[in-house]
2 protein chains.
Amino acid sequence: MDRFDPVARTITLDLPKPTLDDNRSHESRIRSALKDSLGQSPWLSLDICRGLPDILPISGYKVETLVLDGPFGWELAQVSTAGRSLRPYGLAVDIGSTTLVFYLVDLISGKVISTISKTNPQRVHGEDILERILFAGRNNGLEILQTELIDLFNSSIQEITAGKGLRPEDIFFITAAGNTTMCHFFLGLDPVYICREPYIPVVNSFDMIRPKEIGIDVHPQALLYCFPNVGSYFGGDLLAGILTSGMHLREEISMLVDVGTNAEVILGNRDWLVACAGAAGPALEGGILSCGMRAQPGAIERVTIDRNNLTVVYHTIGNKAPKGLCGSAIIDLLAAMFVAGLVDPTGKLLRDRDRSRMQQIGGEWVYVVAGIEETGAGKPVYLSQSDIKNLIRSKGAMYTILSVVVQNVGIGFEDIDSFYIAGAFGNYIDPQKAITIGMLPDIPIERFKGLGNAAGKGAVEALRWRKAREEVEEIRNKITYLEMNVRGDFMSQLTGALFLPHTDLSRFPSVAKMM
Amino acid sequence: MDRFDPVARTITLDLPKPTLDDNRSHESRIRSALKDSLGQSPWLSLDICRGLPDILPISGYKVETLVLDGPFGWELAQVSTAGRSLRPYGLAVDIGSTTLVFYLVDLISGKVISTISKTNPQRVHGEDILERILFAGRNNGLEILQTELIDLFNSSIQEITAGKGLRPEDIFFITAAGNTTMCHFFLGLDPVYICREPYIPVVNSFDMIRPKEIGIDVHPQALLYCFPNVGSYFGGDLLAGILTSGMHLREEISMLVDVGTNAEVILGNRDWLVACAGAAGPALEGGILSCGMRAQPGAIERVTIDRNNLTVVYHTIGNKAPKGLCGSAIIDLLAAMFVAGLVDPTGKLLRDRDRSRMQQIGGEWVYVVAGIEETGAGKPVYLSQSDIKNLIRSKGAMYTILSVVVQNVGIGFEDIDSFYIAGAFGNYIDPQKAITIGMLPDIPIERFKGLGNAAGKGAVEALRWRKAREEVEEIRNKITYLEMNVRGDFMSQLTGALFLPHTDLSRFPSVAKMM
């Protein structure tokens, strides 16, 4: 899907020179020429008008104009002497609670010419977003949280433009996608009711603003589009993900899952979309595990265990000495341990199976993946009994959420044609391993598709293709949201999912066959 | 014509309270309720959104909202707890080069509740607007001119609101009408090309702005509409005048004349409008005459001369001792002198007719209206020979402009059903006297209608009736503009008009009959 009609256009105008018979104002002259080109009369700010008498006569009425697709149609954003080519850039931003990713987009070619990612500075106030919401409610907490993001925007804009020999004023359009809470922090909206029943955001649909209104330094005429939310637990990042997947355009049914602390799920096709979000727990991301860590150098990202001789083979990011386990390795590891008979279906470590790797650390039994001699850090990398229990709760919650959504629309997992995995480590999950532990449904492996940074890609799409905003609105209006927190069927079905892979093995024929 | 549908509305909303089954955002909740009421989704600024969590829950979701008819549809401008009634006000301003008139309008009742007028502070840089254009071109002249107007706006807003127990923040909408140059000063647009061939304004059609953009302190969400211009010499004040007259809505043909230094003329009906402006000279306003003055206390405003015994009777404003002649009196006086045989058709003073009042002052012959004993100021009030020559040139130019316009559309003056007179002293002109000197065409006297401050009235109309802006645009698009400065027929016809009333007496049958 490559739809290209960007939010900015440059238009060269050879205007008729003023005469006594054609003494229209500068503004009328340029407006009517643009109207001819655009099919609609553009909006002109007072600042743009003020500059016209300095440019039009000097340029001999041959000018290069830059127009932006604003909230109410085209706007004239810049006028310069023809020949001095205007090259507008856009900035697409994935405002993640952990990481922000900035994409610099050439709005003429449509290409992403630079990408940088930055740790969210708000993490000092809490890894968990709920802690940040509480922080926002104290004193001037919200102002601090907003300022941290705005400052990061400004420094990142400086960095990403300077890296390409550009200036911040070369950026004319910003698109941003984030979850509902992050968007509230970003725009200075009180997030406190998001986490209190009945979970009310201040804003779901943000009318477009000027970046300067919130202190972002780019071109003064620039615009900022923030992807709307569906609700407190279903944000613009997911709408951007749907946009990226294209699932809303096809007849076949797709499912999109954003794997993280919250499992966010969308099921549907071009006619209907059902969404749901529920807490899956941070275990899947490694957040709360004894040796969990982010995907950074030294993190084990892949693990296999030979089911016969129990040999462990792992791979670390950057080929460094192992420091911990990142999300993809955790799923790999639990699947391998289950297949190798190192844990039983309830998640209990079977100590007799490998007495050398089963050790007691801090008063509880663990399975050691890399010993002290391999880590060189005085402590081994392992998965503990309570880690496994946490993992099973998280994967069980994830599977149950998927099941409930599928059942609610009266279909089965087998009816799903494409299964998109988004999220921080979505691209790195091995679907077969996730099936083995009963986290993802047992459907043909080729139906799983990693979306990468779906939110960021959606934000880029909204720069490259100006009708995307309307389409996002259509998606938003089409979505039926299931409130998982208040559903009885979630709790009743969860129990069966708290096993490896499930109490009902007929749901996982490929796993049954392998065992 | 009373069309009432103001640019602001208050709407009381009893919103459904949030529940788990209806956990829309505050923004969505209020937006959809307003959409139901307005028939369109309103625009919400970030500032308005920020305030919602402070108001909605506390008010029990019963709120009073204020919406404004903005450039792209309705905008939400304020939300408060129901019961605390919102009363929005508007400010209509006639930005005259001599005087600014401010009208405070209650946008719920539509009534003008206060009016104040202020001398244009720019007069220190030149009575004549051309001098101010030159001033604008020097150093930071434009900035000074703009600041003077903005400061006057702010102090007048303080004064007019305080006088009614209100605050500037109670003003949500400003409409302003002025001539093209004044609008350029007001908005900080370079006026220099307005007075140079081919007479190009920077802007004809101003997109709506926020008053705060130019430093006007009213409600932060307020809007400012500036009437558009047709060209350098045909400004928004005249479009406001047409709007006030209603001539653009009727089948019958009307003519509208704004009498001043420039004679601005519109001829037409609901199907067509022809406009023209030409220099008539400042003599008609008294501007350059020996004893000319503004309509202030002590100004003679009416004069009659008994054609038999030559007794002079006059009336001064405020019944003060006479200090000078204002515009209406000047026309009265010349007409009376002509009828009484004190000047001949060429404008020459006939000294023998009244040797007591004909005197020599400063080396030239004058006709004394009020002697030193009456003025008590050591100098008489009089009309000099050169004053009369100036007056005849001005009235001749005025008549010629009217004639050329009428001829250009192929009609005669007798086809004009209503003849509107606008301008500073338009209301005070005695049409019969103006006919007598050959300044206005000789049509039945009841067809003449004074419009008063047509620009100010039009600006008030644009507050009271939100569709006025579209109608102004229709008027503007309908107008055909005749460039009088480049017309040969003007010069060729002027000669005949430089007599009292005209070389061709058949054009003035009522005058011929009277003589």
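In this text, all values refer to a predicted model and were calculated from it rather than measured experimentally.

**Student:** Before we move on, can you summarise the overall build of chain A with the specific residues and values?
**Tutor:** What chain A contains, in helices and strands, is 14 helices and 21 strands. Relative to the 2.2 N^0.38 estimate, which gives 24 Å for 515 residues, the radius of gyration of chain A is 26 Å and therefore close to what a compact globule would have. By principal-axis analysis of the C-alpha atoms, chain A measures approximately 100 × 50 × 45 Å. Within the span of chain A, comprising 515 residues, buried residues form 52% of the whole. Considering only intrachain contacts with a sequence separation of at least 6, the fraction spanning at least 24 residues in chain A is 66%.

**Student:** Hey, could you go over the packing of helix 1 (residues 26-38) of chain B against helix 2 (residues 46-55) of chain B for me, with residue numbers and the actual values?
**Tutor:** Two numbers describe a pair of packed helices, the interaxial angle and the distance between the axes. Residue and element names in this part refer to chain B. Remark: helix 1 packs on helix 2, axes separated minimally by 9 Å, with the N-to-C direction vectors making an angle of 100°. It follows that helix 1 is roughly perpendicular to helix 2 by the angle criterion. In contact with His26, Glu27 and Ile30 of helix 1, helix 2 contributes Cys49, Leu52 and Pro53. A class-by-class count of the residues in the contact of helix 1 with helix 2 yields four nonpolar, one polar and one charged.

**Student:** Requested: an account of the domain arrangement of chain A, with residues and values cited.
**Tutor:** Accessible area lost upon the coming together of the parts serves often as the stated size of an interface. All names here are of chain A. On domain assignment, one finds that chain A holds domain 1 (8-81), domain 2 (89-226), domain 3 (249-282 + 391-514) and domain 4 (292-385). Each of domain 2 and domain 3 has a C-alpha centre, and the two are 26 Å apart. Counting from both sides, the interface comprises 16 residues of domain 2 and, opposite them, eleven residues of domain 3. Listing elements by their share of the side of domain 2 that touches domain 3, those giving two or more residues are strand 5 (89-95), strand 6 (99-106) and strand 8 (171-178). Class assignment of the residues belonging to the side of domain 2 that touches domain 3 gives a composition of eleven nonpolar, four polar and one charged.

**Student:** Describe in detail helix 4 (residues 141-162) of chain B, supporting the description with residues and values.
**Tutor:** All names here are of chain B. Along its 22 residues, helix 4 runs 32 Å from first to last C-alpha, staying within 8% of the 32 Å computed at 1.5 Å per residue. Looking only at helix 4, the buried set comprises Leu142, Leu145, Gln146, Leu149, Phe153, Ile157, Ile160 and Thr161. In a view along the axis of helix 4, the buried residues occupy a sector of 115°, so they form one face of it. Those residues of helix 4 that are exposed and angled more than 90 degrees off the buried face are Glu143, Ser155 and Ala162.

**Student:** Explain the interface of chain A and chain B residue by residue, including any values.
**Tutor:** In this assembly, 38 residues from chain A lie in contact with 38 residues from chain B. Broken down by secondary-structure element, the contributors of at least two residues to the side of chain A that touches chain B are helix 1 (26-38), strand 2 (43-44) and helix 2 (46-55) of chain A. Counting residues per element, the side of chain A that touches chain B draws most heavily on helix 2 of chain A, at five residues. Here the side of chain A that touches chain B is composed, by residue class, of 20 nonpolar, ten polar and eight charged.

**Student:** Give me the sheet that holds strand 5 of chain A: which residues, what numbers.
**Tutor:** All names here are of chain A. Taken in spatial order, the five strands of this open sheet run 7-6-5-8-9, and their pairing is mixed. The outermost strands of the open sheet, each flanked by one partner alone, are strand 7 (112-119) and strand 9 (223-226). Within this sheet the neighbouring strands show an average axis-to-axis angle of 15°, counted without direction. As judged from the seven bridges shared by strand 6 and strand 7, these two strands associate in the antiparallel manner. Paired with Val101 across the strands is Ser117, a residue of strand 7. Contacts between helix 5 (residues 180-187) and the sheet are confined to strand 5, strand 8 and strand 9, with strand 8 contributing the most and set at about 140° to the helix.

**Student:** Run through the sheet that holds strand 11 (residues 262-268) of chain B, naming residues and quoting values.
**Tutor:** Residues and elements named next belong to chain B. Read across the open sheet, the six strands follow the order 20-19-10-11-12-21; overall the sheet is mixed. The open sheet is flanked by strand 20 (448-452) and strand 21 (479-483), the only strands paired with a single partner. Going across the sheet, the axis of each strand differs from the next one's by a mean of 20°, ignoring polarity. Here strand 10 (residues 254-258) runs beside strand 19 (residues 418-422); their pairing, made up of five bridges, is parallel. Each bridged residue has a counterpart across the sheet, and for Val257 the counterpart in strand 19 is Ile421.

**Student:** How would you explain the relation of the copies chain A and chain B if you had to name every residue and give the values?
**Tutor:** Once chain A is rotated about the relating axis by 180° and shifted along it by 0.0 Å, it coincides with chain B to within an RMSD of 0.1 Å. Overall, the copies show the geometry of a two-fold rotation axis. Considering only C-alpha atoms, the residue of chain A closest to the rotation axis is Phe72 of chain A, which sits at 3.3 Å. Of the residues that chain A buries at the interface, 100% are likewise interface residues in chain B, meaning the two copies contact each other through the same surface.

**Student:** Give me the lowdown on the nonpolar core, citing residues and values where you can.
**Tutor:** Judged by nonpolar contacts, the single largest core of 324 residues is most densely connected at Val265 and Leu325 of chain A together with Val265, Leu325 and Val369 of chain B. Discounting residues that sit within four places of it in the chain, Leu325 of chain A has contacts with Gly286, Leu289, Cys291, Gly292, Met293, Ala299, Ile300, Ile330, Leu333 and Val381 of chain A.

**Student:** Let's hear about the pairing of strand 11 of chain B: which residues, and what values?
**Tutor:** All names here are of chain B. Most of strand 11 sits out of view: seven of its seven residues are buried. Both faces of strand 11 are covered, namely the face carrying Asn262, Glu264, Ile266 and Gly268 and the face carrying Ala263, Val265 and Leu267. Relative to strand 11, strand 10 runs antiparallel, the two sharing five bridges. Bridge pairing in strand 11 places Asp258 opposite Glu264.

**Student:** Tell me about the environment of Ala422 of chain A, and please be specific about residues and values.
**Tutor:** Residue and element names in this part refer to chain A. Here Ala422 lies in strand 19 (residues 418-422). Taking the C-beta count within 10 Å as the criterion, Ala422 has 29 such neighbours and is therefore assigned buried. A sequence separation of 32 residues divides Ala422 from Ala454, and the C-alpha atoms of the two residues are 6.0 Å apart. Aside from chain neighbours lying at most four places away, what touches Ala422 is Gly241, Leu256, Asp258, Leu451 and Ala454.

Procedures and definitions
Residues numbered from 1 in each chain as written. Chains lettered and ligands numbered in written order. Predicted model: local features only at pLDDT ≥ 70, side-chain atom pairs only at ≥ 80, totals over all residues. Helix = DSSP H or I, 4+ residues; strand = E, 2+ residues; numbered from the N terminus. Rg over C-alpha atoms; globule rule 2.2 N^0.38 Å. Buried ≥ 20, exposed ≤ 12 C-beta atoms within 10 Å, placed from the backbone. Contact = placed C-beta atoms within 7 Å. Axes fitted to C-alpha atoms, helices over the stretch in contact; angles between N-to-C directions. Parallel < 35°, antiparallel > 145°, perpendicular 65-115°, else oblique. Nonpolar A, V, L, I, M, F, W, Y, C, P; charged D, E, K, R; others polar. Domains from an automatic or database assignment. Expected span 1.5 Å × (residues − 1). Arc of directions from axis to C-beta. Pairing = 2+ DSSP bridges. Least-squares fit on C-alpha atoms with pLDDT ≥ 70 in both. Core = buried A, V, L, I, M, F, W, Y, C linked by C-beta atoms within 7 Å.

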